[in-house]
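Here is how the chains run, residue by residue.
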Amino acid sequence: MQKRSSKKTENFLTKNIVGQNQEKPKISEQLDQIKKKLRIKAKGIRKGLSLEERKQAAQMICSQLVEWFEKSQISRVYCYYPLGNEANILELTKELLKKGIAIAFPKVFGEDMIFYEIHDFEYDFAEGSFHIMEPCTEEIADWPDACVLVPGLGFDLAGNRLGYGKGYYDRYFSTHEYQKLIGVAYEASVFEQLPSQGRDLKMDFLCTEERLYCFK
């Protein structure tokens, strides 16, 4: 398994963003450029993991989260359906469902997403936006006491998240209540520091195959 990135991103990415003859952009524009370069780096890191490494990591992540949920007494969980080489936590979500914990998955509508409760993995999903499997049920889940499992291209040691640039999670949880945010990623996708803005989600926990980070 690859080790997580140890180079601070402000040193790695902020050099030569703007040419000498160009007008210096606003800070937010600079951050957007930094994040774009970071996403390329983070995708490369994940792509560099073998299928067997990803499978083993996903099993360890699921085991840690099962243990955490058994102790937490959480009764509702917002989940995600893995796409491509994201950490596959479907075994965890199936285990939660068996234990009587309510689970919901997101469905995209334009620039927004809505979570729907699911009860059956065989019949409650259909391929949706971005070729991601989405719920096809009609039970909207709006759970202020839910714990949220959050995917991402990368996370840092302060709980900041590097998403895919669409802003779905940031927008949704800026207007909906939740109990805890748990980032899910491979240890190789953990950075020392990521750029963040006020609108960006910050995790309470981060689970990798090696450990469960606690930020709050």
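Residues numbered from 1 in each chain as written. Predicted model: local features only at pLDDT ≥ 70, side-chain atom pairs only at ≥ 80, totals over all residues. Heavy atoms only, no water.

Visitor: Even after reading the chapter, I still don't get the sheet that holds strand 1 (residues 76-78), so can you show me in this structure?
Guide: Whenever strands of a sheet pair, they do so through backbone hydrogen bonds, lying parallel or antiparallel. Ordered by their spatial adjacency, seven strands build an open sheet running 3-2-1-6-9-11-12, and the pairing between neighbours is mixed. The two strands at the open ends of the sheet, each matched to only one other strand, are strand 3 (112-118) and strand 12 (212-214). Each adjacent strand pair in this sheet contributes to an overall mean axis angle of 25°, direction not counted. In terms of strand pairing, strand 2 (residues 102-109) meets strand 3 through seven bridges, oriented antiparallel. Across the sheet, the residue bridging to P106 is F115, located in strand 3. Across the sheet, helix 4 (residues 90-98) is in contact with strand 1, strand 2, strand 3 and strand 6 (147-150); its angle to strand 2 comes to roughly 130°. (Pairing = 2+ DSSP bridges. Helix = DSSP H or I, 4+ residues; strand = E, 2+ residues; numbered from the N terminus. Axes fitted to C-alpha atoms, helices over the stretch in contact; angles between N-to-C directions. Contact = heavy atoms within 4.5 Å.)

Visitor: Just checking my understanding: could you explain helix 3 (residues 51-72) for this structure?
Guide: Side chains that are three or four residues apart share a direction in an α-helix, a result of its 3.6 residues per turn. Taking 1.5 Å per residue as the helical rise, helix 3 with its 22 residues ought to reach 32 Å, and the 31 Å between its terminal C-alpha atoms agrees with that figure. Those residues of helix 3 lying buried are R54, A57, A58, I61, C62, L65, V66, W68 and F69. One or two positions beyond helix 3, positive phi appears at Q73, with a value near 65°. (Expected span 1.5 Å × (residues − 1). Buried < 20%, exposed > 50% of the residue type's maximum accessible area, 1.4 Å probe, protein only.)

Visitor: In this structure, what is going on with the state of the cysteines? I would like to understand it.
Guide: Disulfide: a covalent bond connecting the sulfur atoms of a pair of cysteines. Counting across every chain of the model gives zero disulfides. The closest cysteine sulfur to the non-disulfide-bonded C79 is located on C147, 8.9 Å from its own sulfur. The exposure class of C79 is buried, given its relative accessible area of 0%. (Disulfide = S-S within 2.5 Å.)

Visitor: Help me understand the sheet that holds strand 8 (residues 161-162) in this model?
Guide: Strand order in the open sheet made by the three strands is 8-7-10, with mixed pairing throughout. The open sheet has two free edges, formed respectively by strand 8 and strand 10 (190-191), since each of these has just one partner strand. Sheet topology places strand 7 (residues 154-156) next to strand 10; two bridges connect them, and they run parallel. Bridge pairing links D156 to F191 in strand 10.

Visitor: Sorry, what's going on with the pairing of strand 9 (residues 180-184) here?
Guide: The two faces of a sheet get side chains in turn, since along a regular strand they alternate between them. A large share of strand 9 lies buried, amounting to four of its five residues. Sheet analysis places strand 6 next to strand 9, joined by four bridges and oriented parallel. From the neighbouring strand, L149 faces strand 9, where its bridge partner is I182.

Visitor: What is the right way to read empty space enclosed by the protein from this model?
Guide: All chains considered together, the criterion is met by one cavity of 30 Å³ or more. In this structure, the largest cavity occupies an estimated 50 Å³ of space. For the largest cavity, the full set of lining residues is R46, Y80, E86, A87, P151, G152, V184, A185 and Y186. Looking at side-chain class alone, the lining of the largest cavity contains six nonpolar, one polar and two charged residues. (1 Å grid on protein atoms, 1.4 Å probe; cavity = no way out; pocket = protein on both sides within 12 Å on 5 of 7 lines; lining within 4 Å. Points joined across faces, edges and corners; volume = space filled by probe spheres on them. Nonpolar A, V, L, I, M, F, W, Y, C, P; charged D, E, K, R; others polar.)

Visitor: What should I look at first to understand unusual backbone geometry in this one?
Guide: Generally, phi is negative for residues other than glycine and the peptide bonds are trans, each holding for most cases. Positive phi, normally seen in glycine, also occurs at Q73, with a value near 65°. Secondary-structure assignment places Q73 in the loop between helix 3 and strand 1. Of note, the phi angle at F130 is positive, near 60°, even though the residue is not glycine. In this structure, F130 sits in the loop between strand 4 (125-127) and strand 5 (133-135). Residue F130 is classed as partly exposed on the basis of its relative accessible area, which comes to 45%.

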